[in-house]
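Survey of secondary and tertiary structure
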Amino acid sequence: MQSGSGIKTGVEDRPDEKMDAARQVFLSPFIRRYHEAILDTDHPFARQVVTEGLEQGILPEEILFKIVLPSIEQIMVSVSEARDISLAQYFIASQIASEVVEELIPRFRQSPDMVGRVVIGTASGDFHGLGKRIVIGCLKAMMVEVFDLGLNVAPEQFVEAALRANAQVIGISAMMIHTARGENGCRKVRQILKEQCLEERFRIAVGGAPYRFNPDLYRQVGADACAENGIAAGKVITGLIREVQRR
Amino acid sequence: MNSMERLVAAIQGKPADRIPIFCNLLDQGARELNLSLEEYYSKGEYVAEGQLKMREKYGYDNLWSLFYVGKEAELLGCRRMIFAKDGPPNVGEMVLRRPEDIPALQVPDDIYSHPAFEEQRKCLRILRDEAGGKYPICAYLTASMTLPAILMGMEKWMSLLLTGPTALRDELLHKCSLFFQREIEAYRQAGADVLVYSNPFGSTDFITPKIFQELSLPWMQKDLQPGGTAGVVYYCGSSPFNDVIETVIEHLGIQVFYLSPMDDIRTGKRRVAGRGLTCGVINDILLIDWTREQVRAEVRRIIEAGKPGGRFLFGTLVMPFTIPEDNIRVMLEAACEFGEGETVC
Ligand code: B12
């Protein structure tokens, strides 16, 4: 199986297609109940579905790649069909993804192929951390390694951390106009990359309210991409990672 | 016709010379007075003077007693604000570091006489003396469902709200609602006319319809019931809320709706259905970069969508500091021009 985000899941290439179909039938009530719990922002119930699944013999890999990640992708489909998804639902989807990744990856039969690395923080002067947290949860579920730089991150720190982590993408979250457009935010990160001839090595992704209110703003501040919500952010950032890796 | 008469006419659906125009300039007052933002916000006299000057200069219809939203956290014990040179101040210290701090949170009995309200009280006194009855004076109040965001941060609040423990969540909501009830009374006592009830958690952009019904709505009822909804404006912090308008009218009796720029104005008006005032709001973040023509076209679009049938107001969000003065003027000129001679049903 290759999931929609193009992630290698470690449970593909099952020799027996019939067995695969049977497995899918076995998994489908879990998939449905888990997704319903996410849409209902019912954290305990979503966790219960995961626990029951494990008890009934679902592999940790399957939990992540056949239940949790597809649910995130389903939300993306809903958004593209103009069905409204609320911040609360993004929050819960990302929260559980984060928990499941942390708890289950150590139990995988072989460690999964990671897609790439991202450093992420909020812009200098900005203390709004919720957007970043949601984005991080979604990235983890998409097998991206995330280095969280925290709040109020200076532009130099973004670049230094990206070099140290050998990341492909720098993520900057900003909830206010002056931190999104200001001298010490994304613009400065871009300038440093330019000065140090690092533009080939790193891509910059941004997000937060000002970018949603002005969809062109990301270009003005020198970012390579922005995303409306945490799940779109996961998609956009994995895209940028591949761009860098292809070079 | 003065601004207050114009607003009352719009609410009642009576004829007026033009639609009311609300332009929410806050930080810009510091520029008028040649002060840093930190100095400007240190005194009620400055804020009142800034407000009066800006209204005079641009000619819109409202005045603000709001300094910055973090003031509410100061009333609840926050001692540190982070001031920027070109943007609004932000809460720099969380009153609640952990959910376990909730039981110790103290809600002041008397907000009107509270030391942390003193500068606002002064500001309101000046505004009332200089402009009371002529220009509507606005106050900003955060709903109980949203206030925890500036006491503990959005991350922790979202987590407590959605994953519990529910006993602590409800205790916090109870305290925030009590705070709201006392705060709205203080503002009424101090002479505010327009009470902007800010609740992003009253928008289904934030929460699911189920949470709206089970939590937001009952807590809004608790907030508003003791003092009533006179002068109260429903506002979701710029998040869209068209789909809850009918419920809000039926259950809360609020009559003024300050839409999101992302709400469709015709739909909003249809849902209000002559039962109150619909406010069409411009996406003022775009005013920073727009050309004169773009500003005019957008103002025209908004007013053409909302004005037919009357009971309509044109407004802005909290105008970013960096909007050029020219664009403020172009927007207001266009709003006067297209908003002239209100049609009434
Ligand atoms: C909730 C809210 C509040 C609450 C809580 C504030 C808080 N402490 O967090 C209250 C009502 C208290 C409030 C107050 C203020 N607010 Co406010 N608020 C909002 C609101 C409605 C939502 C912001 C939010 O928390 N969203 C949650 C995040 C997680 O959602 P999101 O942005 O959709 O995030 C998604 C994407 O952006 C993306 N993303 C995020 N980061 C990243 C990063 C990367 C790399 C990528 C790819 C994607 C990505 O994924 C996220 C998850 O799905 C917005 C308007 C809006 N509709 O967005 C205004 C808004 C942010 N506030 C604004 C302002 C000005 C303020 C105040 C400064 C007002 C004042 N003058 O005092 C105060 C500051 C309070 C403080 N902190 O001291 C302005 C900011 C614009 C500006 N003028 O600078 C806004 C945009 C409203 C407006 N249009 O005027 N606010």
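Only a predicted model underlies this, so the values are computations on that prediction, with no experimental measurement involved.

Calculation notes
Each chain carries its own residue numbering, running from 1 in the written order of its sequence. Going through the entries in the order they are written, you letter the chains from A and number the ligands from 1. Under the rules for a predicted model, residues below a pLDDT of 70 receive no local features and side-chain atom pairs below 80 are neither given nor counted, while totals for whole chains, interfaces and linings still include all residues. Where side-chain values are given, they derive from all heavy atoms of the structure, hydrogens and water being excluded. Helix and strand labels come from DSSP, where a helix needs a run of H or I of at least four residues and a strand needs a run of E of at least two; each type is numbered from the N terminus. Radius of gyration here uses only the C-alpha atoms, and the compact-globule reference equals 2.2 Å multiplied by the residue count raised to the power 0.38. Only protein chains enter the accessibility calculation, which uses a 1.4 Å probe; a residue is then buried when its area is under 20% of its type maximum, exposed when over 50%, and partly exposed in between. Any two residues having at least one pair of non-hydrogen atoms within 4.5 Å are treated as being in contact. Only the protein chains shown count as cover for residues, with accessible areas throughout obtained via the Shrake-Rupley method and a probe of 1.4 Å. In this tally, Asp and Glu contribute negative charge and Lys and Arg positive charge; neither His nor the terminal groups of the chain are included. Where a charge lies is defined by one atom per residue type: Lys uses NZ, Arg uses CZ, Asp uses CG and Glu uses CD. Where each domain begins and ends follows an automated or database-derived domain assignment. Note: buried area is the sum, over both parts, of the accessible area (probe 1.4 Å) each one loses when the two are combined. Summary of the distance rule: residues count as near a molecule or strand when at least one heavy atom falls within 4 Å of that molecule or strand. Definition of a polar contact: a pair of N or O atoms within 3.5 Å, with one able to donate and the other able to accept a hydrogen when the atoms are protein atoms, and with sequence-neighbouring residues admitted only if both atoms are side-chain atoms. By convention a nonpolar core is built from buried Ala, Val, Leu, Ile, Met, Phe, Trp, Tyr and Cys residues, the set being connected through side-chain atoms within 4.5 Å. Paired strands are those between which DSSP finds at least two bridges. Lines are fitted to the C-alpha atoms to define the axes, a helix being fitted only along its stretch in contact, and any angle between axes, read from their N-to-C directions, falls within 0 to 180 degrees. Helices are assigned an expected span. That span is 1.5 Å times one less than the residue count. Each C-beta atom gives one direction from the helix axis, and the arc is the one those directions make.

A short note on the overall build of chain A
Summing up its helical and strand segments, chain A has 11 helices and five strands in all. Relative to the compact-globule value of 18 Å for 247 residues, chain A shows a C-alpha radius of gyration of 19 Å, a close match. Dimensions of chain A along its principal axes, counting C-alpha atoms only, are 55 × 35 × 30 Å. Each of the 247 residues in chain A was classed as buried or not, and the buried ones make up 57%. The long-range share in chain A, meaning contacts at least 24 apart out of those at least 6 apart in sequence, stands at 75%. Total accessible area computed for chain A in this model is approximately 10,600 Å², and 50% of it derives from carbon and sulfur atoms. Charge centroids of chain A, computed over 29 positive and 32 negative side chains, lie 3 Å from each other.

Let's talk about the domain arrangement of chain A
All names here are of chain A. Once the domains are mapped, chain A shows domain 1 (15–107) and domain 2 (116–246). Here domain 1 and domain 2 have C-alpha centroids that lie 27 Å from each other. At the junction of the two partners, domain 1 supplies 17 residues and domain 2 supplies 13 residues. Carbon and sulfur atoms supply 77% of the area buried between domain 1 and domain 2, which totals about 1,400 Å² over both sides. Of all residues in domain 1, the largest losses of buried area upon contact with domain 2 belong to M76, Y90 and S94, amounting jointly to 34% of the total for that side.

A look at the site of the ligand
With respect to spatial proximity, 40 residues lie near the ligand, and among them A:S173, A:I177, A:R212, B:V69 and B:V91 are the closest. Between the ligand and the protein, one listed contact pairs a nitrogen atom with a side-chain N or O atom of A:S173 at 2.8 Å. Here a nitrogen atom of the ligand sits 3.1 Å away from a polar atom, N or O, in the side chain of B:N90. Counting only elements with at least two residues in the shell around the ligand, the list comes to α5 (130–141), β3 (169–173), β4 (203–207), α9 (209–213) and α11 (230–246) of chain A together with β4 (90–91) and α7 (148–152) of chain B. No other element matches α5(A), which puts four residues into the shell around the ligand.

Side note on the nonpolar core
In terms of nonpolar packing, the biggest core is built from 184 residues, with B:Y234, B:V299, B:F314 and B:M331 touching the most fellow members. The element best represented in this core is helix α4 (residues 87–104) of chain A, accounting for 11 residues. No fewer than three residues from each of domain 1 (15–107) and domain 2 (116–246) of chain A sit in this core. Excluding residues that lie within four positions of it along the chain, B:Y234 makes contacts with B:Y197, B:G202, B:F212, B:M220, B:F241, B:V244, B:V248, B:I254, B:V256, B:F257 and B:Y258. Membership of the second largest hydrophobic core comes to 26 residues, among which are A:A165, A:F202, A:I204 and A:V206.

With respect to the sheet that holds β3(A)
Residues and elements named next belong to chain A. Strand order in the open sheet made by the five strands is β2-β1-β3-β4-β5, with parallel pairing throughout. What marks the edges here is a single partner per strand, and that holds for β2 (144–153) and β5 (225–226). Inspection of the sheet shows strand β1 (residues 116–123) paired to β3 by five bridges, in the parallel sense. When the sheet's bridge partners are listed, V119 is paired in β3 with I170. Strand contacts of α11: β1, β2, β3, β4 and β5, with the helix running at about 170° to β4, the strand carrying the most contacts.

With respect to helix α4 (residues 44–58) of chain B
Residues and elements named next belong to chain B. Between its terminal C-alpha atoms α4 stretches 21 Å, which fits the 21 Å expected from 15 residues at 1.5 Å a residue. By the burial criterion, the buried members of α4 are G44, V47, A48, G50, Q51, M54, R55 and Y58. One side of α4 holds all its buried residues, which, seen down the axis, span an arc of 160°. Of the residues flanking the end of α4, it is G59, one or two places downstream, whose phi is positive at about 80°.

Some words on the side chain of A:S78
Residues and elements named next belong to chain A. Summarising the element assignment, S78 is placed in helix α3 (residues 60–80). For S78, a relative accessible area of 7% puts it in the buried group. Contacts of S78, omitting those with residues within four sequence positions, involve R83 and I85.

Examining helix α1 (residues 3–12) of chain B
All names here are of chain B. Inspection of α1 places S3, M4, R6, L7, A9 and A10 among the buried residues, and these make up the whole buried set. In the core, the buried residues of α1 are packed alongside β1 (21–24), β6 (194–198), β9 (277–281) and β10 (312–318). Put simply, N2 is the residue that caps the front of α1, since its side-chain oxygen is 3.1 Å from the backbone nitrogen of M4. Phi turns positive, to about 75°, at G13, one or two residues after α1.

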